[in-house]
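# Report on the structure
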There are 2 protein chains.
Amino acid sequence: MTESPDRPQFEGLTCPVPLPQDRQVVLGHGGGGKMTHGLIERLFYPAFGNPALLVGDDAAVVTPPGPGKLAVSTDTHIVAPLFFPGGDIGRLAVCGTVNDLAMVGARPLWLTAGFVLEEGLELDVLRRVVDSMRAAAEEARVLVIAGDTKVAERGKADGLFINTAGIGWIPEGREVSGARATAGDVVILSGPIGDHGIAVLAARGGLELRVNVASDLAPLNRLVERMLDACPQVHTLRDPTRGGLGTALNEIARQSHVAIHLEEGAIPVRPEVQAACELLGLEPLYVANEGKLVAMVPREASAEVVAAMRELDPGKGAAIIGEVREAPAGRVLMHTSIGGTRVVDVPAGELLPRIC
Amino acid sequence: MTESPDRPQFEGLTCPVPLPQDRQVVLGHGGGGKMTHGLIERLFYPAFGNPALLVGDDAAVVTPPGPGKLAVSTDTHIVAPLFFPGGDIGRLAVCGTVNDLAMVGARPLWLTAGFVLEEGLELDVLRRVVDSMRAAAEEARVLVIAGDTKVAERGKADGLFINTAGIGWIPEGREVSGARATAGDVVILSGPIGDHGIAVLAARGGLELRVNVASDLAPLNRLVERMLDACPQVHTLRDPTRGGLGTALNEIARQSHVAIHLEEGAIPVRPEVQAACELLGLEPLYVANEGKLVAMVPREASAEVVAAMRELDPGKGAAIIGEVREAPAGRVLMHTSIGGTRVVDVPAGELLPRIC
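Because the structure is predicted, anything quoted here is derived from the model rather than measured. (Residues numbered from 1 in each chain as written. Chains lettered and ligands numbered in written order. Predicted model: local features only at pLDDT ≥ 70, side-chain atom pairs only at ≥ 80, totals over all residues. Heavy atoms only, no water.)

### Some details on helix 3 (residues 89-102) of chain B
Along its 14 residues, helix 3 of chain B runs 20 Å from first to last C-alpha, staying within 8% of the 20 Å computed at 1.5 Å per residue. Backbone nitrogen of B:Gly90 and a side-chain oxygen of the N-cap are separated by 2.7 Å at the start of helix 3 of chain B; the cap is B:Asp88. (Helix = DSSP H or I, 4+ residues; strand = E, 2+ residues; numbered from the N terminus. Expected span 1.5 Å × (residues − 1). Polar contact = N/O pair within 3.5 Å; in protein donor to acceptor, adjacent residues only side chain to side chain.)

Spelled out as structure tokens, the structure:
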């Protein structure tokens, strides 16, 4: 078997089946035979290699760091385009699940990754995405311990979809839930909203939307650890992704049977995002974020929590945006800058398709 | 809000947003707003309802039954067609991951489910698939504790893709791995091979292939428990899915640095499957199974294990098909009925696309 010089995407690795299709994904990459093994060994193992993954069994075997509760979450990512300012589908797939785990107070430990590749996808694109996943996993200190690759025929998928599921460990004594927001709590937001949605929309082109906004996409687990160090009694955490801050707060108001009262002037929105939203007829409250969280914290600890958050990059825009009251239970109300009050409802249908 | 009589798919449940599109998936079902919540509350919660899921947080919180190791696995299912004799994509998504967990000696406990829906999918089709998942989860005694739904535009997916990830608990003392096959072990197969691949292929139509074969699709975790009760020293288990028995045995031979010697006459294949394979130029050894396992077991325990397997439906065709030897390490050899020997290699590229 000779090395072919025209396969730069696998430098230094001998391809076991040197086929001309090797620049693009072909159905054979999903067939479970040598081509699938080649893809795993040349692309996925070098990126994610860790003992649990490399054993090569049908399931990875791992041991939690201690007794107690586990957090489990899953998210499939179908964002279009695959690359956008501030991130890509790979970083999104890692951070999205890491953040969901962190939102119940868990320390994210392990991820699984399930790929659906469209026949014809450039292998170089896949390699860039996998490299980005590796970097994000390192940043969040999680291991990808199990994976799966399927290939759909041309026109039966859209380039690349990635599902990640995650497992985190919840240290003793932590009890963070959307059902624990309590009248008297202060509502803290970690920074300006809407960046992710607007960045992806602008990257899509076709809308003549030229804005200089990058996605806020980031792992939030270290921020959460810092917050829980500052105040172990944090009641609720949620990252307002698809559906935005407005939807996330409505979910919490219903889960906890409380009212959430917001101060419009206190909610940070970048001027570029505000301008883009006005142009497009969008409400920033419903635009997706991928590196922000909202927290319900006892009032007496709130100043300390905000100060702790501001020490870390993803929390440096932290601000108090409202409070939790008893009435009207299950509702989110916005107190506007000019003295009015309006209900913040959940939007009905589609806001921005394929945003995550 | 009035009930509309033309939404029979959600009997007894009031639709919060009665829209004309309610018979089909629309982009709004993936937007994260009211339509997404409606889909979750009307379709997914009634099917999978359990305390961990119903809390509605970003991650489910669960507690393993005891200290020790966990098994983790993931699989995305893109099978075409969605329904085939003996099963459907929903049952496949549950059994596939349950079986991967069982193959390292774990007791499958929890699943996550990530759906990619194509715009225009009939909601009634989704409901049938979800019902089938619920039934399979009950059969396998696992809980679906977390889920995600995304919608891709028409022509950007193919009806319905389902990812499941699973977590199982490995009781103390169990050590089952593809790396533990040992010279002297006996190779046991749980029943005839190739049923799943041929059933799906026949269901696809267009090939003028009329065979009366149903998929073997079934959860294998109870069979594995029975085997481990009979012989706690089972070394290796694997379910030969995509790539078939031939590929699975090659993986094990490499992981364990052993040779696997098979007796051709001992490997059960249904006559209908054999005939279909001959017609299509396929080798049953490489055709997918979804309810079979192969085991490497110390010779002294093998009769007892086979007897135990035959007590349960998925093991009633159990047979000894070969043995593990030292040489040639990493290879699978077939001793044919007429006294010859041939190497069973891993196939190169695509065998049967979209089989799981």
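### What to know about the sheet that holds strand 8 (residues 186-189) of chain A
Residue and element names in this part refer to chain A. Ordered in space as 9-11-8-12-10-13-14, the seven strands form an open sheet in which the pairing is mixed. Both outer strands of the open sheet, strand 9 (236-238) and strand 14 (341-343), are each paired with one neighbouring strand and no more. Neighbour-to-neighbour, the strand axes of the sheet open up by a mean angle of 25 degrees, direction not taken into account. Note that strand 8 and strand 11 (residues 294-297) share four bridges and pair antiparallel. Note on strand 11: the bridge partner recorded for Val186 is Val297. Against the sheet, helix 9 (residues 302-310) makes contact with strand 8, strand 11 and strand 12 (319-325), and its axis sits at roughly 5 degrees relative to strand 8, the strand it touches most. (Pairing = 2+ DSSP bridges. Axes fitted to C-alpha atoms, helices over the stretch in contact; angles between N-to-C directions. Contact = heavy atoms within 4.5 Å.)

### Focus on the interface of chain B and chain A
Each partner contributes residues to the interface: chain B has 78 residues there, and chain A has 78 residues. In terms of surface lost to chain A, no three residues of chain B exceed B:Asp58, B:Val72 and B:Arg242, which account for 13% of the buried area on that side. Seen at the junction of chain B and chain A, the total is 14 salt bridges. At the junction of chain B with chain A, the criterion picks out 38 residue pairs in polar contact (both at pLDDT 80 or more). Sorting the residues of the side of chain B that touches chain A by element identifies helix 1 (34-48), strand 1 (60-62), strand 2 (69-77), helix 3, strand 5 (107-118), strand 6 (143-152), strand 7 (160-170) and helix 7 (244-256) of chain B as the ones contributing at least two each. When its residues are assigned to classes, the side of chain B that touches chain A shows 36 nonpolar, 24 polar and 18 charged. Judged from the three bridges that link them, strand 2 (residues 69-77) of chain A and strand 1 of chain B form a sheet pairing that is antiparallel. Considered in strand 1 of chain B, the bridge of A:Leu70 is made with B:Val62. (Buried area = accessible area lost by both parts, 1.4 Å probe. Salt bridge = Lys/Arg side-chain N within 4 Å of Asp/Glu carboxyl O. Nonpolar A, V, L, I, M, F, W, Y, C, P; charged D, E, K, R; others polar.)

Remember, this is a structural readout, not a statement about activity or role.
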